[in-house]
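Structural description and commentary
Listed below are the residues making up each chain.
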Amino acid sequence: MYCTFEYPYRDINDRLYNIIDSWSKKEIPGGAFLTPMNLQTHNIKDIAIILAWLKKCLPSAASQLSVGDNDNSLYKGSELKVDQCWGIIYNKGGKVIKHNHFPYALSFVYFIKSPRGSSPLIIEGKRIKAEEGKLILFHASQTHWCNPSKVNGRCCLVGNIRY
């Protein structure tokens, strides 16, 4: 189960790509390159802009992803907070192995660059096309991964949300 939102101002993506490219130094198992996992704490204007928009999407996402009667929810959407945020770049052959982000409540992927032929995000076996400007929010306990990239330059901003 996941939900999708579209960021309306895609001109930010080139700047986000440059930020992530300059910060992504750590190679992870699978060959993708990762920034520090606390980008939200570095006062980077464009990261703050995209995360402010993401925060506006959280109440709707929580409603879509919850089970039962949403009118009597036991949670407060205002209590959802971005706890970790990092960038990841996949070049040809780069992938992310199957994993999850338990014990976080939600995880997100925002597609910054998705060159033609980019590998999809796979959540619990469901393939989600990588499309620039698309935000995916899902339960952090769901297994997800990305198969080896066939192209250079696939880039995402990803993170975890706590309750």
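Structure first, text after, so check above.
Residues numbered from 1 in each chain as written. Predicted model: local features only at pLDDT ≥ 70, side-chain atom pairs only at ≥ 80, totals over all residues. Heavy atoms only, no water.

With that settled, the discussion passes to the overall build of the protein. The secondary structure content of the protein amounts to two helices and eleven strands. Along the protein, from the amino end to the carboxyl end, the secondary structure elements read β-α-β-β-α-β-β-β-β-β-β-β-β. Its C-alpha atoms give the protein a radius of gyration of 15 Å, near enough to 15 Å, the size a compact globule of 163 residues would have. With respect to the three principal axes, the spread of C-alpha positions in the protein is 45 × 35 × 25 Å. (Helix = DSSP H or I, 4+ residues; strand = E, 2+ residues; numbered from the N terminus. Rg over C-alpha atoms; globule rule 2.2 N^0.38 Å.)

In this section: helix α2 (residues 45-65). When the terminal C-alpha atoms of α2 are compared, their 29 Å separation across 21 residues agrees well with the 30 Å that a helix rising 1.5 Å per residue should span. In the structure, α2 departs most strongly from a straight axis at Leu58, where the bend amounts to approximately 40 degrees and where the proline Pro59 lies between one and four residues downstream. Of the residues making up α2, those classed as buried are Asp46, Ile47, Ile50, Leu51, Trp53, Leu54, Cys57, Leu58, Ala61, Ala62 and Leu65. Buried residues in α2 make contact with β1 (2-6), α1 (12-23), β4 (81-90), β6 (106-113), β9 (134-139) and β11 (154-162). (Expected span 1.5 Å × (residues − 1). Bend = angle between axes of the 7 residues up to and from the residue. Buried < 20%, exposed > 50% of the residue type's maximum accessible area, 1.4 Å probe, protein only. Contact = heavy atoms within 4.5 Å.)

Pairing in this open sheet of four strands is antiparallel, and the strands run β5-β10-β7-β8 from one edge to the other. A strand with exactly one partner marks an edge of an open sheet, and here the two such strands are β5 (96-99) and β8 (126-128). For this sheet the average axis-to-axis angle between neighbouring strands, irrespective of direction, equals 20 degrees. Taken together, the three bridges between strand β7 (residues 121-123) and strand β10 (residues 144-146) define a ladder with antiparallel strand orientation. (Pairing = 2+ DSSP bridges. Axes fitted to C-alpha atoms, helices over the stretch in contact; angles between N-to-C directions.)

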